[in-house]
Amino acid sequence: MAARPELQAPPEIFYDQSEARKYTSSSRIIDIQAKLSERALELLALPDDGVPRLLLDIGCGSGLSGETLSENGHQWIGLDISEAMLDVAVEREVEGDLLLADMGQGLGFRAGVIDGAISISAVQWLCNADKSSHEPRLRLKAFFGSLYRSLARGARAVLQVYPQNVAQRELILGSAMRAGFAGGVVVDYPHSSKSRKEYLVLTCGPPSLNAAVPNAKGEDGMSCSEDDSSGDEENQTVTISDRNRPRKKRKLDKKSKGKDWVLRKKEQLRRKGSSVPADTKYTARKRKSRF
Amino acid sequence: MRLLTHNMLSSNIKGVTNGFPLKIEAEKVVEKEVDMNTDFLKNIFSKIEWKPFVEAAKTLGFSELPEDADSSLLDSHEFLTKFHHALLEIHLEEGALVCPETERKFPVSKGIPNMLLHEDEV
Ligand SMILES: C[S@@+](CC[C@H](N)C(=O)[O-])C[C@H]1O[C@@H](n2cnc3c(N)ncnc32)[C@H](O)[C@@H]1O
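Per chain, residues are indexed from 1 in the order of the written sequence. Here chains are named by letter from A upward and ligands by number from 1 upward, in the order in which they appear as written. Where totals are concerned, whole chains, interfaces and linings use all residues; where local detail is concerned, this predicted model gives features only for residues with pLDDT of at least 70, and gives and counts side-chain atom pairs only at 80 or more. The basis for the side-chain values is all heavy atoms of the structure; hydrogens and waters are excluded.

1. Regarding the interface of chain B and chain A
The criterion, for reference: Here, residues are in contact when the closest pair of their heavy atoms is within 4.5 Å. Note: buried area is the sum, over both parts, of the accessible area (probe 1.4 Å) each one loses when the two are combined. For this analysis, a salt bridge means a side-chain nitrogen from Lys or Arg found within 4 Å of a carboxyl oxygen belonging to Asp or Glu. As used in this structure description, the phrase polar contact means that two N or O atoms lie within 3.5 Å; if the pair is within protein, one of them must be able to donate a hydrogen and the other to accept it, and residues adjacent in sequence are counted only when both atoms belong to side chains. Helix and strand assignments come from DSSP, with helices taken as H or I runs of at least 4 residues and strands as E runs of at least 2, each series counted from the N terminus. Side-chain classes are defined by residue name, with Ala, Val, Leu, Ile, Met, Phe, Trp, Tyr, Cys and Pro counting as nonpolar, Asp, Glu, Lys and Arg as charged, and the others, Gly among them, as polar.
Residue-level contacts link 29 residues of chain B with 30 residues of chain A. At the boundary of chain B with chain A, total buried surface from both sides reaches about 2,500 Å², with 55% on carbon and sulfur atoms. Of all residues in chain B, Met8(B), Lys47(B) and Ile112(B) give up the largest surface area on contact with chain A, accounting jointly for 23% of the area buried on that side. Counting every contact that joins chain B to chain A gives four salt bridges. Residues Glu49(B) and Arg110(A) are paired through a salt bridge, measuring 3.8 Å at the closest nitrogen-oxygen approach. Remark: the boundary between chain B and chain A carries 17 residue pairs in polar contact (both at pLDDT 80 or more). Those elements that provide at least two residues to the side of chain B that touches chain A are α1 (3-8), α2 (38-44) and β4 (112-113) of chain B. Split into classes, the residues belonging to the side of chain B that touches chain A amount to 15 nonpolar, eight polar and six charged.

Following this line, the structure appears as structure tokens:
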């Protein structure tokens, strides 16, 4: 598998002319961008009154995602750090306005003027320090703080992200919550490693009573558990949505009793004086089935 | 960049307290026709800072907007047509946006303002 783009080069270098070309030539990329942005727009849950809104596309790149916004009648402003990507957007004659800007430096918009924001596969880039002056926490803070200020109260931001690991997801979500956003993570196709897609669905201001708002779990409102087995009936449809299958609780695997069970058993045996191997990160790990 | 965006943009430089409105230096202006949507115009109207909008339109060569406007004008087709034109059909293609406090220039090329900050401006 190819290394994550975020680990190869800064975005303005990685998204060079040849990478940007793919956004006009690869039907696979075009298709994915369209699907992701349609879903993001759906999760924005704009009022169903047919009135076009002013939206942001953060990391708008070649404008594929913006085209989805235009097709739905909205006006949009797109910003991206890569000139090569924006050149493709110009070539494509997108209807939105484009800005060459680094979201990690904060967004320069007046307060409360934006009706909603989407971002497709871009925000995880902020978790990397590409220059010695880059501090991911500060860049995330600048980004979310300025995004929060520019959104109208009650407006939403839907950010589709590819966090590299749990720590990155927490870092991104935590920064959003500290900026004042309410919300959580919506996971589509959680059971498929290929099609699994994560969306941060953030609301500016107090969470609305709208049933479609993904309720964040946990007292600080930060951690949205993605563990099916912990989902109670009220929260599950909104925190996590699986568009493919009917929801069912994860069945306990009969054969493996889980790490906690193993650790408890080992402790019992130790107390009885048996010699038991030390607990390590390998304890009760999943093993390949052999034939 | 259209005046819709100009009206929302403000200079983001560290220490700047009022970065709005950015002054416009126009070298090339183009017009592109778009369909008028009155729902959009009526909805966005309350968010527009009118005086800077009128000034910006003049800078780009369009001076038919009324100096003052309130929502009662939204019933006038004549007003809506002008509002629509100034907001969505006139593009600053080449030139610069200038921070009102620091005079720092943000160049605009191929219609795209370069809003990237230098490290000491963040
Ligand atoms: C997967 S692409 C998304 C492409 C876009 N949705 C489209 O339709 O072409 C991610 C984009 O995020 C942009 N990006 C990464 N870091 C950024 C930053 N700090 N500020 C602005 N854009 C950034 C990249 O330049 C790239 O164009």
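2. A look at empty space enclosed by the protein
The cut-off we apply is this: For each structure, a 1 Å grid was placed over the protein atoms alone; sets of points admitting a 1.4 Å probe that cannot get out are labelled cavities, open sets with protein on both sides within 12 Å along at least five of seven lines are labelled pockets, and lining residues have an atom within 4 Å of a point. Grid points are joined across faces, edges and corners, and a volume is the space filled by probe spheres set on the points.
Applying the stated criterion across every chain, the model contains one cavity of 30 Å³ or more. If you go around the largest cavity, you meet 16 residues; those closest to its centre are Ala101(A), Gly106(A), Gly108(A), Asn12(B) and Met115(B).

3. A few points about the UniProt feature "domain: Methyltransferase type" (unreviewed entry) in chain A
Quick note on the threshold: UniProt positions are given in the numbering used here, feature names are shortened, and annotations may be inferred rather than shown by experiment.
When the UniProt feature table is mapped onto this chain numbering, "domain: Methyltransferase type" (unreviewed entry) sits at residues 56-132 of chain A. Secondary structure over residues 56-132 of chain A splits into 22% helix and 26% strand, and the C-alpha atoms at its two ends are 29 Å apart.

4. Remarks on the sheet that holds strand β5 (residues 151-161) of chain A
Residue and element names in this part refer to chain A. Rule in force here: When DSSP locates at least two bridges between a pair of strands, those strands are taken to pair. In this analysis, axes come from line fits to C-alpha atoms, helices being fitted only over the stretch in contact, and the angle between any two N-to-C directions falls in the range 0 to 180 degrees.
Taking strand neighbours across the sheet as the criterion, the seven strands line up as β3-β2-β1-β4-β5-β7-β6 in an open arrangement whose pairing is mixed. Two strands in the sheet have a free side with no partner beyond their single neighbour: β3 (97-100) and β6 (182-188). Going from strand to strand, the sheet's axes swing by 15° on average, the running direction of each strand aside. In the sheet, strand β4 (residues 114-120) pairs with β5 via six bridges, with the strands oriented parallel. Across the sheet, Gly-116 pairs through a bridge with Arg-156, a residue of β5. Sheet contacts for helix α5 (residues 83-91): β2 (75-80) and β3; angle to β3, the most-contacted strand, approximately 165°.

5. Observations regarding the site of the ligand
Residue and element names in this part refer to chain A. Here is the rule: We call a residue near a molecule or strand when any one of its heavy atoms sits within 4 Å of it. In this description, accessible areas are obtained by the Shrake-Rupley approach with a 1.4 Å probe, and a residue is regarded as covered only by the protein chains that are shown.
Taken together, the neighbourhood of the ligand is formed by 24 residues, with Gln-33, Ser-62, Ser-65, Asp-80 and Asp-102 sitting nearest. At 2.9 Å, a side-chain N or O of Ser-65 approaches a nitrogen atom of the ligand. One nitrogen or oxygen atom from the side chain of Asp-102 is found 2.9 Å from a nitrogen atom belonging to the ligand. Coverage of the ligand by the protein amounts to 98% of the 600 Å² it exposes when considered alone.

6. Considering the pairing of β4(A)
Residues and elements named next belong to chain A. Inclusion rule: Type-normalised accessible area, obtained with a 1.4 Å probe on protein chains alone, sets the label of each residue: buried when under 20%, exposed when over 50%, and partly exposed for intermediate values. Seen with the strands pointing away from the viewer, any crossover whose path from the first strand over the helix to the second strand runs clockwise is right-handed.
In terms of burial, β4 is a largely internal element, seven of the seven residues being buried. The sheet contact formed by strand β1 (residues 54-58) and β4 spans three bridges and is parallel. If you follow Asp-57 over to β4, its bridge partner there is Ile-118. A crossover links β4 with its parallel partner β5, the connecting element being helix α6 (residues 136-150), and its sense is right-handed.

7. What to know about the pairing of β1(A)
All names here are of chain A. Of all five residues in β1, five are buried; the element is thus mostly enclosed. Here β1 shows no split at all, with Leu-54, Leu-56 and Ile-58 on one side and Leu-55 and Asp-57 on the other all buried. After leaving β1, the chain enters helix α4 (residues 64-71) and then returns to the sheet as β2, a path that is right-handed.

8. Thoughts on the pattern of salt bridges
Enumeration according to the criterion identifies 25 salt bridges over all chains in this entry. Arg39(A) is paired through a salt bridge with Glu42(A); the nearest N and O atoms lie 3.2 Å apart. Highlighted residues: Arg39(A) and Glu42(A), both in helix α3 (residues 27-44), separated by three residues, approximately one helical turn. Given the relative accessible area of 8%, Arg39(A) is considered buried. In this structure Glu42(A) comes out as partly exposed when scored by relative accessible area, which is 48%. Across the salt bridge formed by Lys110(B) and Asp87(A), the nearest N and O atoms sit 2.9 Å from each other. Of this pair, Lys110(B) sits in the loop between β3 (105-109) and β4 while Asp87(A) sits in helix α5, each in a different chain. On the basis of relative accessibility, which here comes to 28%, the residue Asp87(A) falls in the partly exposed class.

9. Some thoughts on the layout of surface pockets
Residue and element names in this part refer to chain A. By volume, the largest pocket is sized at about 1,400 Å³. Elements with a minimum of two residues in the lining of the largest pocket: α2 (17-25), α3 and β7 (197-203). Of the residues forming the lining of the largest pocket, the biggest block, 10 residues, is contributed by α3. The class makeup of the residues in the lining of the largest pocket is 16 nonpolar, six polar and 17 charged.

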